[in-house]
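Coordinate analysis (summary)
Chain by chain, the residues run as shown.
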Amino acid sequence: MWDKEANVARGLAGVIAAVTHISLIDGEQGQLSYCGYDVTELARKSSYEEVSYLLLYGELPTAGQLEAFEQLLLDNRAISPALLDLLRNLPGAPKPADALRTAVSAMAATDSSPSDVSRPANLRRAVRLIAQMPTIAAAHWRMRQGEKPIDPDPSLGHASNFVYMLFGRAPRQVEARFLDMAMILMAEHGLNASTFAARVTAATLADIYAAFTSAIGALNGPLHGAANAEAMKMLLEIGSPEKVEAYIRAQLMAGKRIMGFGHRVYKSGDPRAIVLREVLATLDGDLNKPRWCKMAMEVEDQVHKQKNLYPNVDFYCAPTLYSLGFPMELFTPIFACSRSIGWAAHILEQYDDNKLIRPDAVYDGPAQREYTPLAGRK
C-alpha cells in the first residue's frame, strides 16, 4: 500500500530525467539559452535556419555552413504526391494539427532507408521533417479551404516560404522577420510535455517519425501548444482594453484559468513573452490590423495585480500570429513547425545516449484480494 509519507513528484516536477547540451532554463532569473546563447539575442539577431543549425550541431554556423544547411532545407521542402493524396483524402474534417500528426506518421512509409538507424541517417530524417512540416501544414490548410496546394519557393527563407505556401503571396519584410523571430522563440524549451513525449518514444528505439508523432499529439493539448489559440479567443471575447479589468476579475472569481499565464518553470516571467510583446507593439504600428498590444498589456497588468502571475510565450504569441494574418486553427501547427528543431535535437540526443525511460508509480489501489469465480460474485 501507498506510504502516505512517500515523496511523489506529481507531474515529475523537480525530477531530473536527462542530461542535455541543448538548452538551459533558469526559472528563477527568467532566462532561456540555446547551447549557451541567450534566446532573446538569438531572436533579435539570428534566423530560424541559423538557430536550427545551432540546435542540431551545437555551434552557430559559419557563412558556408549556413548556406549549405539552407540548401539542404530547400532540397527537402517538397512533399510526395502520396502524402498530398493522404491529406486530400483524410476522412471527415480533421483539425490542422491532427492532419499534421497523421501526415508526419505517414512519412515513415516513404523513408528510402528505414533500416539505417545511424546518426547521419537520423540527421537526414530530422532535416526532412523540419523542412516538410510547414509544407504539410500549408497544403492541408489550402485544401481545407478548397484551394490547390502551392509548391515551395526556393527563393524564400523558411518562415517566408511558409507564408507563401499558405496564402500564395510573399510576406512583407516586417511579417517575415517577426514570424521568424516567433519561430526562434518557440524552437526549443527543454523537457516540456511534447519534447519529453518525443524522448520517451525515442527511448524505446522507435523511429524518429514515431517520436515526432508523439510530440505533436502532446503539443495539441490545451495546456501545451493549443494554449495560444485559447489566449486569442480570450482577447477576442474581451474586445477592448476598457473591459479587461472586469473580465479578469470575473474569471478569477469563477475559478477559471487565464490562458497564457503562469508557467511550471518561470517564477519571474517568461523571457520569450517579453520579446513577443515588443514584436506585437511594432506590428500594431506597422500593419493595418486591429490593435492588440494595448489590450494584451492591460490583461498582463490585471492578471499580475489580481493573481500575481506573469504571461508565458503563448499569451503574446497569440495576438502576434493573429496580427500576421494566421487563423487560430493554425496556431498549433505553427508551434509544431517551430518546435520541430527542438524535438529533433532532443531525439538525436536520446538516441546517442539511450536508456529506456521507465519511472515508477506508487500504488494506491485495493490491498491484495482473493479471486472469486464468476458464479460466486454478487
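Just so we're clear, the structure is a prediction, and the values are computed from it rather than from any experiment.

About the thresholds
- Numbering of residues starts from 1 in each chain and follows the order in which that chain's sequence is written.
- Given that the model is predicted, a residue must reach a pLDDT of at least 70 before its local features are reported, and side-chain atom pairs must reach 80 or more before they are shown or counted; all residues, however, enter totals for whole chains, interfaces and linings.
- Processing note: side-chain calculations cover all non-hydrogen atoms of the structure and skip hydrogens and water entirely.
- Think of it this way: a Phe, Tyr or Trp ring, Trp meaning its six-membered ring, pairs with another when their centres are within 6.5 Å, and the plane angle makes it stacked under 30 degrees, edge-to-face over 60, tilted otherwise.
- Helix numbers and strand numbers start at the N terminus; a helix is a DSSP run of H or I with at least 4 residues, a strand a run of E with at least 2.
- Type-normalised accessible area, obtained with a 1.4 Å probe on protein chains alone, sets the label of each residue: buried when under 20%, exposed when over 50%, and partly exposed for intermediate values.
- Expected helix span is computed as 1.5 Å times (number of residues minus one).
- Directions from the helix axis toward the C-beta atoms define the arc.
- Contact between two residues is taken to exist if any of their heavy atoms lie within 4.5 Å; hydrogens are not considered.
- For two strands to pair, DSSP has to find at least two bridges joining them.

For the rest of this paragraph, the subject is the packing of aromatic side chains. One pass over the full model with this rule turns up eight aromatic pairs. Relative to Phe69, the ring of Tyr53 has its centre 5.7 Å away and its plane inclined at 85°; by these criteria the two rings are edge-to-face. With Tyr53 in helix 2 (residues 48-57) and Phe69 in helix 3 (residues 63-75), the pair connects residues that are 16 residues apart, well separated along the chain. We classify Phe69 as buried; its relative accessible area is 3%. Taking 6.5 Å as the distance between ring centres and 40° as the angle between the ring planes, the aromatic pair formed by Phe162 and Phe326 counts as tilted. Note that Phe162 is positioned in helix 7 (residues 158-167) and Phe326 in the loop between helix 15 (313-323) and helix 16 (331-352), a separation of 164 residues in sequence. Overall, the relative accessible area of 1% leaves Phe162 in the buried class.

Over its 13 residues, helix 3 extends 18 Å from the first C-alpha to the last, a length consistent with the 18 Å expected when each residue adds 1.5 Å. Here helix 3 has its buried residues at Leu66, Phe69 and Leu73. The arc that holds every buried residue of helix 3, seen down its axis, measures 65°, which confines them to one face. Residues Ala63, Glu67 and Asp75 are exposed on helix 3 and point more than 90 degrees away from its buried face.

All right, on to the environment of Met234 then. As for its position among the elements, Met234 is in helix 11 (residues 227-238). Classification of Met234 by relative accessible area gives buried; the value is 6%. The sequence separation of Met234 and Ile248 amounts to 14 residues, and the corresponding C-alpha distance is 10.0 Å. When sequence neighbours within four positions are dropped, the list of residues in contact with Met234 reads Tyr247, Ile258, Met259, Val299 and Phe315.

Turning our eyes to something else, we now look at the sheet that holds strand 3 (residues 37-38). Taken in spatial order, the three strands line up as 1-2-3 in an open sheet, and their pairing is antiparallel. The open sheet is flanked by strand 1 (23-26) and strand 3, the only strands paired with a single partner. Where strand 1 lies against strand 2 (residues 31-34), four bridges are found, and the strand directions are antiparallel. Across the sheet, the residue bridging to Ile25 is Leu32, located in strand 2.

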